[in-house]
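Report on the structure
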Amino acid sequence: MPIHKLLSICAAGCLLLANCKQADDKPKNIQKNNPGEQQWWKEAVVYQIYPRSFKDSDGDGIGDLKGITSELDYIKSLGVNTVWLNPVYSSPNDDNGYDVSDYRNIMKDFGTIQDFDALLKGMHSRGIKLVMDLVVNHSSDEHEWFKQSKSSRDNPYRNYYHWWNEEQGKPAYRYSLFDINHDAWRYDSLTRSYYLHYFSRKQPDLNWENPKLRKEIYDIMRFWADKGIDGFRLDAFQFAAKDTTFPAFPKHFEKNFNQYYGVQGNLHGYLQEMNKEVLSKYNVMSVAEGSGNTLEDAHNMVDADRHELNMAYAFEGVSIAQPNGYSLLHFKDVFTKWDSAFAQKGWLSIFLANHDQARLVSRFGNDNPQYREVSSKMLTTFLMSMRGTPYYYNGDELGMTNAGFTKIEDYKDMPTLNEYKHLKQTGGDIPAFLKRQQFECRDNGRTPFQWDNTANAGFTKGAPWLKVNANYTAINKAAQEKDPNSCLNYFRKMVKLRNDNKVLVYGKYTLLDKANPDVYAYTRETGGTKMLVLLNFKNKPATANTGINLSKAKLLISNYAKAGGTTLQPYEAAVYQLN
Ligand code: GLC
């Protein structure tokens, strides 16, 4: 199964939580999350920063915390009020920081804890909140816990991980997403046992059944919350609970991976405990990747009465794009289904890209130069006008495109490199694999941020850790600052429109012209205010049949200078005020 697909499955829903700042003993009753109830995290526009690729301050070719701090005025200028930072903890970097070796420290490549404090201060002084990634389904095999755990069968840390002793026979097969052989059990000769790793062999899974481990994690969360951060995104958390009897799964279960790995065992119990121990005591928003198999699973995680999480981050939408295109009818259906499931209770996030996906405009729009800008702006219009908290991935505001690497040497992403080795070993179809990577490899979304047209796009004065996209001379922030019609300035306008019009945050969503295969049309409505959004998802003119007379409607924004009316130009986007 392609890696991006598995990652989308593993991400088959996510959650965000919001709770408060200084710890005190009384839980603050702020977890109300019915759609009409106002919360800062519902009104947030979350800008996701991939630190490795954002801005390098010291010329080592790797983005860092000081680099982000130096661009805080830029981030502020976007109008966004929350940043989600991918992991910056100490890590040997097998999976770019998703393998943590010290949860209370900063990765050397990224700087120091003092740099972190300065970054947080700089954000807060500009009214920007900071959400941190928390990677606790697994740690690095270089974490002290694992070093202890593997040292002997009776080490006090043994039970922090999942071990299977050799004399019990071979453990039942578990699929590893990132391992070369896809076997999630790794034999360790020192103690003649196997340990479990759903991701790479350097990412052993933590044992959430162990109350001591859970307490350690809550202490870590308090450490960061006491520093004043504003949220957590719980990485791959839907996999944290497991059936630790490890029964055999049917052959080829990995094709239905999520059913066997997602939201198992006592996951809701752990979330409730985490909520009681940490989340309810701070004003933090938290994201737990993975919403389970069903809408009900997702709901249960964000039902305010259950005291777990606040915001679902469902991945069904982001998985729709395929190398040969996608059906808009399917797209509309998925987003409408999720909206209606959360219309009365709970809250969703809205996104179409992140660090695990290739670029937004290349997957969902059209990165052909003729249509790149309009289609990118059309997708921005969609993301900023749906109900739910929008997540917007750095670089998409410039309409950055996929890297299009043709050689395996250009790729750095561990699962891609491992899968390449796997195919080499098993005689797989390498040309087909390389072709697919151009569309789906995560590196496509991780190439350095394109600041200007100087060497390395102004990202670094050294040699960049991952090749800069060759189109940086044409697509870069400096050029777009000067152009009032750039993707960047359109993004700013769309964020402002959302910030100024709470109907775009809280208003009821109604799908119109459902059977139209080219146009996505919907209204947002609350307290006597109604807006209409018309989006042409195709590279040809299309007509919206909404039945709404536009003669008295006020056009608030469009990605074309001459816009208006029900016949839409290729990738045209328009938002109207109806009353
Ligand atoms: C999540 C992250 C991804 C990472 C994986 C393992 O899916 O988003 O980047 O590789 O977890 O931590």
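Sequence positions are assigned chain by chain, starting from 1 and proceeding in written order. Given that the model is predicted, a residue must reach a pLDDT of at least 70 before its local features are reported, and side-chain atom pairs must reach 80 or more before they are shown or counted; all residues, however, enter totals for whole chains, interfaces and linings. Hydrogens and water are ignored here; the side-chain numbers use all heavy atoms of the structure.

1. Comments concerning empty space enclosed by the protein
The distinction between a cavity and a pocket rests on a 1 Å grid over the protein atoms alone: a 1.4 Å probe fits inside a cavity but cannot get out, while a pocket stays open yet meets protein on both sides within 12 Å along at least five of seven lines, and a residue with an atom within 4 Å of a point counts as lining. Grid points are joined across faces, edges and corners, and a volume is the space filled by probe spheres set on the points. Overall, the coordinates contain five cavities of 30 Å³ or more when judged by the stated rule. One number sums up the size of the largest cavity: a volume of about 130 Å³. Taken together, 14 residues line the largest cavity, and the ones lying closest to its centre are A314, F335, W338, S349 and I350. Counting residues per element, the ones that place at least two in the lining of the largest cavity are α12 (328–341) and β13 (349–350). Secondary structure elements follow DSSP: runs of H or I no shorter than four residues count as helices, runs of E no shorter than two count as strands, and numbering proceeds from the N terminus. Looking at the lining of the largest cavity, the element that brings in the most residues is α12, giving four residues.

2. Some thoughts on the pairing of strand β14 (residues 389–393)
Side-chain positions along a regular strand alternate between the two faces of the sheet. Categorising residues by exposure relies on relative accessible area from a 1.4 Å probe, with only protein chains included: less than 20% of the type maximum marks a residue as buried, more than 50% marks it as exposed, and the intermediate range marks it as partly exposed. With respect to burial, β14 is a largely interior element, five of its five residues being buried. Neither face of β14 is left uncovered, since the one carrying T389, Y391 and Y393 and the one carrying P390 and Y392 both have all their residues buried. For two strands to be treated as a pair, DSSP must find no fewer than two bridges joining them. Sheet topology note: the strand β2 (residues 46–49)/β14 ladder contains three bridges and is parallel. By the bridge assignment, Y47 is partnered in β14 with Y392. One ladder, built from two bridges, connects β13 with β14; its direction is parallel. Paired with I350 across the bridge in β14 is P390.

3. Re the side chain of E308
Along the chain, E308 turns up in the loop between α11 (295–302) and β12 (311–312). Polar contacts here mean pairs of N or O atoms no more than 3.5 Å apart (in protein, one a potential hydrogen donor and the other a potential acceptor; neighbouring residues in sequence count only if both atoms are side-chain atoms). Looking at E308, its side chain comes within polar contact range of the side chain of Q272, at 2.7 Å. Within the structure, E308 has its side chain in polar contact with the side chain of R306 (distance 2.9 Å).

4. Overview of the confidence of the model for the chain
Detail in the predicted coordinates should be disregarded across regions flagged by low pLDDT. Every residue is assigned a pLDDT by the predictor, reflecting its confidence on a scale from 0 to 100. Summary statistics for the chain give a mean pLDDT of 92 and a share of 94% for residues scoring 70 or more. The contact rule is simple, with two residues in contact once any of their heavy atoms fall within 4.5 Å. The low-confidence segment residues 2–31, where pLDDT is below 50, has 134 contacts with residues more than four positions distant or belonging to other chains.

5. Structural notes on the pairing of strand β3 (residues 82–85)
Alternating positions in β3 separate into two faces, T82 and W84 on one and V83 and L85 on the other, with burial throughout. Here β2 pairs with β3 via four bridges, running parallel. Within β3, the residue paired with Y47 across the bridge is V83.

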